Amino acid sequence: MARSRAVMSIYDQPMWKSIDAGKWQLQQCDGCGAYRYPPGPVCDKCLSMDSTWRDLSGRGKVLSWVVFHRKYLSDYEPPYNAVAVQLAEGPIVVTNLIGPEPEGGWIGRDVEICYEPDAEGHTIPRVKLAN
Amino acid sequence: MSLSKVAAVIGVGQTDYVGDYARVRAGQKLHDSYGYAALAFNDALADAGIARDAIDGLIVGPTVAYERVGELLGINPTWGGQRDAMLAVIEACMAIHSGLATTVACIYGNDQRSAAVQYGGPQAMGGDLFLSYVYHSPWGYTSQGALYAMMFRRFQEMTGITEAQLGEVAVAQRLHASLTPHALMRQTITIEDYLASRYICEPLHLLDYCLINDGGVAFIISEAGLAKKIGKKTPVPIHGVGRYDLNRGATSLEPRLLDFYRPAQEKCAAQVYDMAGIGPKDMDAVQVYDSFSCHVPFALEGYGYCRSGDAGRFMQEDGISLNGKLPVNTAGGHLSETYMQGWAHQVEAVRQVRGECGARQVPDCRFVHYNSDVAGKAVSVIYGK
Ligand SMILES: [Zn+2]
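Topic: the pairing of strand β10 (residues 367–374) of chain B
All names here are of chain B. Burial runs high along β10: eight of the eight residues are buried. Burial of β10 is two-sided: the residues F367, H369, N371 and D373 facing one way and the residues V368, Y370, S372 and V374 facing the other way are all buried. Here four bridges tie strand β9 (residues 285–288) to β10, and the two strands are oriented parallel to one another. Its bridge partner being in β10, Q287 is matched across the sheet by Y370.

Here you go:
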């Protein structure tokens, strides 16, 4: 069984570099201000090719969540969760909730980005419940 | 321009799902995807009562190479290509309408079980075409089931649909499979069995997931006038088709999580109902692409079979089995009949309209609506008398 692997287009590389540095950045469109995820060459709102990498605020809200009970990847031992989070900047990302689990529903909870090392020395951004 | 009744299905064919399932599980492999495709094509030719040389269009499924299928079957067509099940139907109608072909064979074969095709993990099938299948892997988020589990959890939060209500899908389709001699899973189940089945990606249970098996499907679509002359059975016209895609935000799951594909379904529904000149109240049965059971409640709401937010109650009280108000996936679907990626659903729709379905026949079946909401697009086809 293979381990997880990031998709690494030339547009993804700066994002993962920023994550390794402990500050997740995404492209903000120079034309209309929209944030882009996954990273890419062009803005889907205004088609501008120009963008600037910006630090994320680190804030977001849980849209949905699942728990894996089947093993698909050597570095993920079930059960483990995955959450879809809408970032304050707009894009939706899929990540994992670490730390204490919410009492009652997960959906709508405020979360903040934190950083964890993986087995190969890379950094993975996850979220925990906001204070 | 309308494609209504431009073309009709004159023949359908399939492989021996039950026999091949047993053989593959016993470690035998008689065929690969091409062999299954050829078996299904011969079956469809026999059902239509036509010779191979009547075929002048060839559309193959995404699991086989177009040229190689044409080579193996000895078909030099005037129109050809590679499409998934629903787009094969639409493209056949378009080719016929434009005069580029008169009789189109649509052929699928898949050895996914014996070839151990992976639908999750780093080698997930389709990852080269759909970035969402592989992009979230660094967070352990993989498999198409997980995409729909995430979507269904939010749908639960928004509509209040319960797991027991979702279980109606697996239970109804298993009942239908029990009445279908060629279906793989024929032992009936209860809601309690469903709830007791293990989670794969919670909130989805094992019984919410499609089967994985080897097989092939073929259908032959001919120009409507020609269909009446060359086929041995009464042709089944295609009354309408529809399509709408939601590509924006696809990888970040935005159309799934924020909209449940609803805008695509509504646009697709308007197109297909307009073209056919009928609506949901006229349908005698519905076939839904059910890689996961939750496609069914999404479709019931999106295509106007019940009010928004009411699918859970509709399935439980009105019913989606042959005993209920609206029979859905009348042969058992991907969950219990066979996982032919939407191709076998077309065959079942045609057989229901023909009245060939024996114990699972919908009485006086006039119209069957097929719809599919996978891989970012909503597609519909209406078959009828
Ligand atoms: Zn822009």
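Remarks on the coordination of the zinc ion
Residues and elements named next belong to chain A. Listed as protein donors to the zinc ion are C29 (SG), C32 (SG), C43 (SG) and C46 (SG); their distances from the metal cover 2.3 to 2.4 Å. Every donor counted, the four donor atoms about the zinc ion form angles of 96 to 115° at the centre, which fits tetrahedral coordination. For C32, a relative accessible area of 41% translates into the label partly exposed.

Topic: the environment of Q165(B)
Residues and elements named next belong to chain B. Tracing the backbone through its elements, the reader meets Q165 in helix α6 (residues 163–178). The exposure class assigned to Q165 is buried, which follows from its relative accessible area of 12%. Discounting chain neighbours no more than four positions away, the residues touching Q165 are G160, G312, R313, M315 and Q316.

Some details on the interface of chain B and chain A
Interface size is commonly expressed as the accessible area that is lost once the parts come together. Listed as interface residues are 33 residues of chain B and, on the opposing side, 37 residues of chain A. Contact between chain B and chain A buries roughly 3,100 Å² in total, counting both sides, with carbon and sulfur atoms accounting for 65%. Among the residues chain B hides against chain A, the three largest losses belong to Y135(B), P138(B) and W139(B). Together they make up 26% of the total. The interface formed by chain B and chain A holds zero salt bridges in total. Here chain B is connected to chain A by 15 residue pairs in polar contact (both at pLDDT 80 or more).

A short note on the side chain of S33(B)
All names here are of chain B. Relative to the elements of secondary structure, S33 occurs in helix α2 (residues 33–48). On the accessibility criterion, S33 (6% relative accessible area) is buried. Among all residues touching S33, those that are not within four sequence positions of it are T63, V64, G109, N110 and D111.

Looking at a nonpolar patch on the surface
A surface patch of nonpolar side chains, about 300 Å² in accessible area, is lined by V42(A), L47(A) and M49(A). Secondary-structure assignment places V42(A) in the loop between β1 (25–29) and β2 (51–55).

Points about the domain arrangement of chain A
All names here are of chain A. One can read the domain layout of chain A as domain 1 (7–55) and domain 2 (57–131). Each of domain 1 and domain 2 has a C-alpha centre, and the two are 20 Å apart. Facing eleven residues of domain 1, the contacting portion of domain 2 comprises twelve residues. Interface area for domain 1 against domain 2, summed over the two sides, is near 980 Å², with a carbon-plus-sulfur share of 69%. Linking domain 1 with domain 2 are two residue pairs in polar contact (both at pLDDT 80 or more), by the criterion used here. No other element matches the three residues that helix α1 (residues 12–20) contributes to the side of domain 1 that touches domain 2.

Examining the pattern of salt bridges
All names here are of chain B. Considering all chains together, one arrives at 25 salt bridges over all chains under this definition. Close ionic contact of K233 with E356 constitutes a salt bridge, the shortest N to O distance being 2.9 Å. Residue K233 is found in the loop between α8 (224–230) and β8 (236–245), and its partner E356 is found in the loop between α14 (343–354) and β10; the two are separated by 123 residues along the sequence. E356 sits in the partly exposed class, given a relative accessible area of 35%. Look at the salt bridges and you will find they share partners, linking R307, D310, R313, E317 and D318 into a network.

Brief notes about the confidence of the model for chain B
On average, residues of chain B score 96 in pLDDT, and 100% of them reach the 70 mark or higher. Scored as a whole, the predicted complex attains pTM 0.97, and scored at its interfaces, ipTM 0.98.

With respect to helix α4 (residues 85–98) of chain B
Residues and elements named next belong to chain B. The end-to-end C-alpha distance of α4, which contains 14 residues, comes to 20 Å, matching closely the 20 Å that a straight helix rising 1.5 Å per residue would cover. Among the 14 residues that make up α4, eleven are buried, leaving the element largely enclosed by the rest of the structure. Along α4, the positions that sit buried rather than exposed are A85, M86, L87, A88, V89, I90, E91, A92, C93, A95 and I96. Phi for G99, located one or two positions after α4, is positive at around 85°.

Considerations on the packing of aromatic side chains
Taken as a whole and assessed by the stated rule, the structure comprises 19 aromatic pairs over all chains. Aromatic side chains Y119(B) and Y339(B) sit 6.2 Å apart centroid to centroid with 70° between the ring planes, which places their arrangement in the edge-to-face category. Taken together, the residues span a long stretch of sequence, with Y119(B) in the loop between β4 (103–110) and α5 (144–159) and Y339(B) in the loop between α13 (333–336) and α14 at a distance of 220 residues. Residue Y339(B) is classed as buried on the basis of its relative accessible area of 4%. When the ring of F152(B) is compared with that of F155(B), the centres are 6.3 Å apart and the planes differ by 40°; the resulting orientation is tilted. Taken together, the residues F152(B) and F155(B), both in helix α5 and three residues apart, mark about one turn of the helix. Each member of the pair, F152(B) together with F155(B), is buried. Taken together, the ring pairs connect W16(A), W24(A), Y37(A), Y135(B) and W139(B) into an aromatic cluster.

Topic: the packing of helix α11 (residues 295–302) of chain B against helix α12 (residues 311–318) of chain B
Residue and element names in this part refer to chain B. It is the contact of α11 with α12, at a shortest axis distance of 9 Å, that shows an interaxial angle of 100°. Relative to α12, the element α11 lies roughly perpendicular. Residues V296, P297, L300 and E301 of α11 pack against A311, F314 and M315 of α12. Here the residues of the contact of α11 with α12 sort into six nonpolar, no polar and one charged.

Calculation rules
Residues numbered from 1 in each chain as written. Chains lettered and ligands numbered in written order. Predicted model: local features only at pLDDT ≥ 70, side-chain atom pairs only at ≥ 80, totals over all residues. Heavy atoms only, no water. Buried < 20%, exposed > 50% of the residue type's maximum accessible area, 1.4 Å probe, protein only. Helix = DSSP H or I, 4+ residues; strand = E, 2+ residues; numbered from the N terminus. Pairing = 2+ DSSP bridges. Donors = N, O, S within 2.8 Å, 3.2 Å for Na, K, Ca; no water. Tetrahedral: all angles 85-135°; square planar, octahedral: opposite > 155°, others 65-115°. Contact = heavy atoms within 4.5 Å. Buried area = accessible area lost by both parts, 1.4 Å probe. Salt bridge = Lys/Arg side-chain N within 4 Å of Asp/Glu carboxyl O. Polar contact = N/O pair within 3.5 Å; in protein donor to acceptor, adjacent residues only side chain to side chain. Patch = residues over 30% accessible without salt bridge, like charges linked within 9 Å, V, L, I, M, F, W, Y side chains within 5 Å. Areas by Shrake-Rupley, 256 points an atom, 1.4 Å probe, with all protein chains shown as cover. Domains from an automatic or database assignment. pLDDT = per-residue confidence, 0-100. Expected span 1.5 Å × (residues − 1). Phe/Tyr/Trp six-rings, centres within 6.5 Å; stacked < 30°, edge-to-face > 60°. Axes fitted to C-alpha atoms, helices over the stretch in contact; angles between N-to-C directions. Parallel < 35°, antiparallel > 145°, perpendicular 65-115°, else oblique. Nonpolar A, V, L, I, M, F, W, Y, C, P; charged D, E, K, R; others polar.

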